[in-house]
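Descriptive analysis of the structure
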Amino acid sequence: MKERLQGIRDEALKAIEAADMPDKLNDVRVKFLGKKGELTAVLKGMKDVAAEDRPKVGQMVNETRAAIESLLEESKKKMERAIRAEKLKQEVIDVTLPSKKNMVGHRHPNTIALEEVERIFVGMGYEVVEGPEVEYDLYNFEKLNIPADHPAKDEQDTFYINKDIVLRTQTSPVQARVMEQGKLPIRMIAPGRVFRSDEVDATHSPSFHQIEGLVIDKNISFADLKGTLEVFAKELFGPDTKTKFRPHHFPFTEPSAEVDVSCFKCGGKGCRFCKGSGWIEILGCGMVHPHVLEMCGIDPDTYTGFAFGVGLERIALLKYEIDDMRLLYENDIRFLKQF
Amino acid sequence: MNTSLSWIKAYVPDLNVTAQEYADAMTLSGTKVEGYERLDADLDKIVVGQIDKIEKHPDADKLIICQVNVGTGIVQIVTGAPNVKEGDKVPVVLDGGRVAGGHEPGSRVEGGVKIKKGKLRGVESFGMMCSIEELGSDKDMYPESPEYGIYIFKDDVEVGTSAVEALGLDDVVFEYEVTSNRVDCFSVIGIAREAAATFRKEFHPPVVTETGNDENASDYIKVTVKDTDLCPRYCARVVKNIKIGPSPKWMQRRLASVGIRPINNLVDITNYVMEEYGQPMHAYDLDTIAGHEIIVRRAEKDEKFVTLDGQERQMDDSVLMICDGEKSVGIAGIMGGENSMITDNVHTMLFEAACFDGTNIRKSSKKVGLRTDASGKFEKGLDPNNAEAAINRACQLVEEMGAGEVVGGIVDVYGKKKEPVRVPFDAGEINALLGTDISEEDMLSYFKMIGLEYDEAANEVIAPAFRHDLFRLADLAEEVARFYGYDNIPTTLPKGEATTGKLSFKLRIEQTARDIAEFCGFSQGMNYSFESPKVFDKLLLPAESPLRNAVEIMNPLGEDYSIMRTISLNGMLNSLATNYNRRNKNVRLYELGNIYLPKSLPLTELPEERMQFTLGMYGDGDFFSMKGVIEEFFEKVGLRGKESYDPNAGKPFLHPGRQANIIYGKDTVGYLGEVHPDVADSYGIGGRAYVAVIDMPKIVDLATFDRKYAGLAKFPAVNRDISMVMKKDILAGQVEEIIAKKGGAYLESYSLFDIYEGSQIKEGYKSIAYSIVFRAKDKTLSDMEVTEAMERILKALEAMGIELRK
């Protein structure tokens, strides 16, 4: 009996080894382990075995069955692996073929620059506020210490709707509007569209954007203004950026300054981009003029503050090295797609 | 404003800096140097030479051979210049040197021209004798130079010395950007005062001595100022026995360095004093002044006047005139008249140094259409005290230069004298404002450098009259900061109460609009807020359309930019057209920008500014692609499932059969449609274009970022498909409205899956098929429950004349 089982086992092994496809393995399974299979036949012959030998024989049959099954299983897995490997081989693609893109739109460079600026100042606790683009002369000029007959009010620069209403020439009127509301302290930026009577060319546009910044609180100093704008410049143009504050004059700030940043193209060595100076002018700023505070109902003996104004287009042109301002308003898709 | 370095050094003799150091330091102390030009930048190895001998060139009629003594020896130079003779002293550029350009005026070459020895028609030449043009200047600035040919020195220069120095070209000219508050810096003295303070050197302004003979000017001239509001001060002095001639070289050089052409001693003196003191002056021929009387008054209405440039000009009664006993002799502060101008035959002259109202001069200058150096200075608003100083300086120069005999005394009409302003001083507060710790002593030393006095008893700083920008502590703080150095002020961040940084809800909705538009393939454009009134016709708007009521700009750049837009489409259509013309395919653009709606016209209050979200596209996609973008946006800002579309939008610029108002709840929040082919044609967009406009204020009112989780479905859905036949003019939206209304509580969703018109269906009808999904949250629906709902739907559909396709 033992020999017979061994024989079946050897035969099955041979058959498994000979099988080259999974269905042939199945044939082997049927032949040896199936209902009419050889091992079943052995079990059926158990009645002829002496009763005391039966457990032993039964155990031997089971062992043989287990051995064959495990061989079958192993062989099947091997075969499947080979088949999958073959399939994978067949499925090689040329990964350098062109991609299938979704059509995704692009944000205007002005907006990208604006969002960058907003991110920096919102992070420092500034609220983003807006004001009207068609504005009273009162807010655009008078409350900013620019009285009637001031050359800055000249028709050459300002679009007038009538003698009291203008297209705002700066975002600074938002300062006055926010201060008037009287909620202190103030930390705000006010981005928006402004208008000047300039003919369109590569560096001028009658409509452009500014971002106004205003901080009013107790004990605000010029040193705070310097520190704030230094953080801003480093965030916007990179951590190695240096800033330079130069005295300047604006009617609504005193002291006033213009701010240059070290040229981010040459790092300050001087190049064509910064006209050899190593510096690029980016904004105007200063301590809010005490008279402006008074006009907006804030006591200049208790509160001080600083304000700054940045040209958005200027930042976009500089940052993205755009050489003609007209491109910003042409809306040529080939231009917009680059951002 | 320009000055040369040498002119500044005349008042700050200890100044010893390079041009770059000067430019940097001046800029940092508040006198911004825009740039500078070294007059000798392109000049090299140029000496004074003297011609020893001239011979003819053996092989060229037009050339001569000169033996020139250049100090270190004799060099041979061949030249074609016609104007030299033996003994002449001339500028000579030696072999290996450089000149600025050719001998034609304006023929400067960047970087200069290198001069090397060479042969001219076989004769060796070791350098070149120079014309004034070759040295980078011209006859205008060096009137003594010949019309054509080599510059010839007067005998007072030494052979072998630098010709550049002899010509005063060893100088640097700075260009400053002077801010409007610093009127005093529109003068060389003003800049020099700043330079002295910046470099902590002594400042030596000109010392004006008393001038004039024993006579008195008031015997020669009477001055009456009628309009004192426009003329706070008028000073007049008289010079007789005038001797017109050239001004001295130093004066010519200084004038030339700032671009003023030397003319003769009298003109040069007025120009010189205007630059030096910042005070424009005028000279009249006293013999032409009727009655020897000056009257300052406003012009007659419609007065015509011939200025000294020979032009007749039109006045009005706001323009201030200088008149004599009979007639006008000058437009105050702008230009004198032809009838009283100085000629070569002048014997007695009236000098005028006055102070006029800056604003009036600015406005008059514009009205008359004449802007001069003088008006440019006056319009800034001058210090009346400066007028007297300037006229006395001019008379001093007349005497020094022997240009005439100055008559003693001055006729000075000066109403209310301008007094210096006193500003209370508080070092502690200045430090608090600046965030610094500067000693009181240092602050006072800065004030002293720039001519501010300190009254210790009153603890006040006294601002001199020429500084009319100093009124309060903040102004003093700026002066301290300038000379302490902005760079030396520390950098800190604001302390104090924390604030919340945030975007407004409106801005967040706009940000979402940008995100969605871009996800859907639209790129952001930007258009101007003003446009042409012709836009309305272009958009086929009827004459009575309220959109034609636009805010008009009084002084637009042109008609094309003359009204504030009331509709955002024009910019979009122009942008699509630009792209179409440039053959860009599949263009999708969006814009977020305001329209401006007047509450009434003419405007008495600010117009309403409404943010419009405008989308436009051509190429791939159609009406329904555009509709999809809108719905994606609505969903993202919390407007869910209540939008509907009314095809009766009545937009004349859209295709009559392909347009709809977008309705949310009961509000019309925008519209979309295909651009009317007539409109597309007039903009030059070929093919079909689609636009949508969303009125953002309405969206902001309705929008929310709040979300509530509704749970995931646990029970199976039941799906029923229906196919219907109906008249063509029944809208899918009407069918959906019925499904939504009658579907009951278990209705989950419905979607159109087929629409058909054609041979299978009778004429004038269409077939539409919907898939309707029912589901309950808490149980598996029974067939009966679904059937009941379906029957309600079908019944309502049938009532509309819709039949079910079996």
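Small disclaimer: the values here were computed from a predicted structure and weren't measured.

All right, on to the overall build of chain A then. When helices and strands are tallied, chain A shows 11 helices and nine strands. Its C-alpha radius of gyration of 42 Å places chain A more than 25% over the 20 Å reference for a compact globule of 339 residues. Based on the C-alpha atoms only, the size of chain A along its principal axes is roughly 130 × 45 × 45 Å. Looking at the 339 residues of chain A, the share that counts as buried comes to 53%.

Scanning the model with the defined rule gives three cavities of 30 Å³ or more in all. Forming the boundary of the largest cavity are 17 residues, of which Gly30(B), Thr179(B), Asn181(B), Arg182(B) and Arg482(B) lie nearest the centre. Counting residues per element, the ones that place at least two in the lining of the largest cavity are strand S6 (243-250) of chain A together with helix H12 (473-484) of chain B. Ranked by residues supplied to the lining of the largest cavity, first place goes to H12(B) with three residues. Across the lining of the largest cavity, the residue classes break down as three nonpolar, six polar and eight charged. A domain-level breakdown of the lining of the largest cavity finds at least three residues from each of domain 1 (2-39 + 172-198) and domain 4 (421-487) of chain B. Volume-wise, the second largest cavity comes out at about 40 Å³. Taken together, Lys418(B), Glu419(B), Pro420(B), Val421(B), Ala463(B), Pro464(B), Ala465(B), Arg467(B), His468(B) and Phe471(B) make up the full set of residues lining the second largest cavity. Its residues placed into classes, the lining of the second largest cavity shows six nonpolar, one polar and three charged.

This brings us to the domain arrangement of chain B. The domain architecture assigned to chain B consists of domain 1 (2-39 + 172-198), domain 2 (44-166), domain 3 (217-414), domain 4 (421-487), domain 5 (505-702) and domain 6 (718-804). The distance between the C-alpha centroids of domain 2 of chain B and domain 4 of chain B comes to 55 Å.

Below, the discussion takes up the packing of helix H19 (residues 732-742) of chain B against helix H20 (residues 783-799) of chain B. Relative orientation and spacing of two packed helices are given, respectively, by the angle between their axes and the distance between those axes. Residues and elements named next belong to chain B. At a closest axis distance of 9 Å, the pairing of H19 and H20 adopts a crossing angle of 145°. In the packing of H19 onto H20, the handedness of the crossing is right-handed. Of the residues in H20, those in contact with Val-735, Ile-738, Ile-739 and Lys-742 of H19 are Ala-789, Arg-792, Ile-793, Ala-796 and Leu-797. Class assignment for the residues of the contact of H19 with H20 results in seven nonpolar, no polar and two charged.

Further remarks concern the interface of chain B and chain A. The interface is formed by 86 residues belonging to chain B together with 86 residues belonging to chain A. Linking chain B to chain A there are nine salt bridges. Residue Glu130(A) pairs with Lys506(B) through a salt bridge whose shortest N-O separation is 2.9 Å. Put simply, chain B and chain A have 47 residue pairs in polar contact (both at pLDDT 80 or more) between them.

What follows covers the pattern of salt bridges. On inspection of all chains with the given rule, the structure shows 68 salt bridges over all chains. Note that Glu330(A) is salt-bridged to Arg582(B), the shortest N-O span being 3.2 Å. Remark: Arg582(B) occurs in the loop between helix H15 (569-581) and strand S30 (587-597) and Glu330(A) occurs in the loop between helix H10 (312-320) and helix H11 (333-336); the pair is interchain, linking two chains. Judged by its relative accessible area of 27%, Glu330(A) falls in the partly exposed class. Overall, Arg582(B) belongs to the partly exposed group, its relative accessible area being 33%. Put simply, Arg182(B) and Glu194(B) hold a salt bridge, and the shortest N to O gap is 2.8 Å. Of the two residues, Arg182(B) is situated in the loop between strand S11 (172-177) and helix H4 (188-198) and Glu194(B) in helix H4; the sequence distance between them amounts to 12 residues. Residue Arg182(B) is classed as buried on the basis of its relative accessible area, which comes to 8%. By sharing partners, the salt bridges in this structure join Arg182(B), Asp184(B), Arg193(B), Glu194(B), Arg467(B), Asp469(B), Glu479(B) and Arg482(B) into a single network.

Right, let's talk about the nonpolar core for a bit. The biggest cluster of nonpolar side chains holds 65 residues, and the ones touching the most others in it are Phe222(A), Leu229(A), Phe232(A), Leu283(A), Cys285(A), Phe308(A) and Ile430(B). The dominant element in this core, judged by the number of residues it contributes, is helix H8 (residues 222-237) of chain A, at eight residues. Other than its neighbours up to four places away in sequence, Leu229(A) contacts Thr243(A), Phe245(A), Val259(A), Leu283(A), Cys285(A) and Phe308(A). One finds Leu5(B), Val17(B), Ile260(B) and Leu397(B) within the second-largest nonpolar core, a separate group that totals 53 residues.

Further remarks concern the packing of helix H5 (residues 109-123) of chain A against H10(A). Residues and elements named next belong to chain A. It is at 9 Å that the axes of H5 and H10 come closest, and there the two elements cross at 100°. Relative to H10, the element H5 lies roughly perpendicular. Packed against H5, whose contacting residues are Pro-109, Asn-110, Ile-112, Ala-113, Leu-114, Glu-116 and Val-117, the element H10 presents Leu-312, Glu-313, Ile-315, Ala-316, Lys-319 and Tyr-320 at the interface. Classifying every residue of the contact of H5 with H10 by side-chain character gives nine nonpolar, one polar and three charged.

Turning to the domain arrangement of chain A, a few remarks are in order. For chain A, the assigned domains read domain 1 (2-90) and domain 2 (109-336). Taking only C-alpha atoms into account, the centre of domain 1 of chain A sits 87 Å from that of domain 2 of chain A.

Residues and elements named next belong to chain B. Ordered by their spatial adjacency, three strands build an open sheet running S24-S26-S25, and the pairing between neighbours is antiparallel. The sheet terminates laterally at strand S24 (421-424) and strand S25 (453-455), the two strands that pair on one side only. Adjacent strand axes in the sheet meet at a mean angle of 30°, parallel and antiparallel pairs treated alike. By the bridge criterion, four bridges tie S24 to strand S26 (residues 460-463) in an arrangement that is antiparallel. Bridge pairing links Val-423 to Val-461 in S26.

Criteria and cut-off values
- Residues numbered from 1 in each chain as written.
- Chains lettered and ligands numbered in written order.
- Predicted model: local features only at pLDDT ≥ 70, side-chain atom pairs only at ≥ 80, totals over all residues.
- Heavy atoms only, no water.
- Helix = DSSP H or I, 4+ residues; strand = E, 2+ residues; numbered from the N terminus.
- Rg over C-alpha atoms; globule rule 2.2 N^0.38 Å.
- Buried < 20%, exposed > 50% of the residue type's maximum accessible area, 1.4 Å probe, protein only.
- 1 Å grid on protein atoms, 1.4 Å probe; cavity = no way out; pocket = protein on both sides within 12 Å on 5 of 7 lines; lining within 4 Å.
- Points joined across faces, edges and corners; volume = space filled by probe spheres on them.
- Nonpolar A, V, L, I, M, F, W, Y, C, P; charged D, E, K, R; others polar.
- Domains from an automatic or database assignment.
- Axes fitted to C-alpha atoms, helices over the stretch in contact; angles between N-to-C directions.
- Left-handed = near helix turned anticlockwise from the far one by under 90°.
- Contact = heavy atoms within 4.5 Å.
- Salt bridge = Lys/Arg side-chain N within 4 Å of Asp/Glu carboxyl O.
- Polar contact = N/O pair within 3.5 Å; in protein donor to acceptor, adjacent residues only side chain to side chain.
- Core = buried A, V, L, I, M, F, W, Y, C linked by side-chain atoms within 4.5 Å.
- Parallel < 35°, antiparallel > 145°, perpendicular 65-115°, else oblique.
- Pairing = 2+ DSSP bridges.

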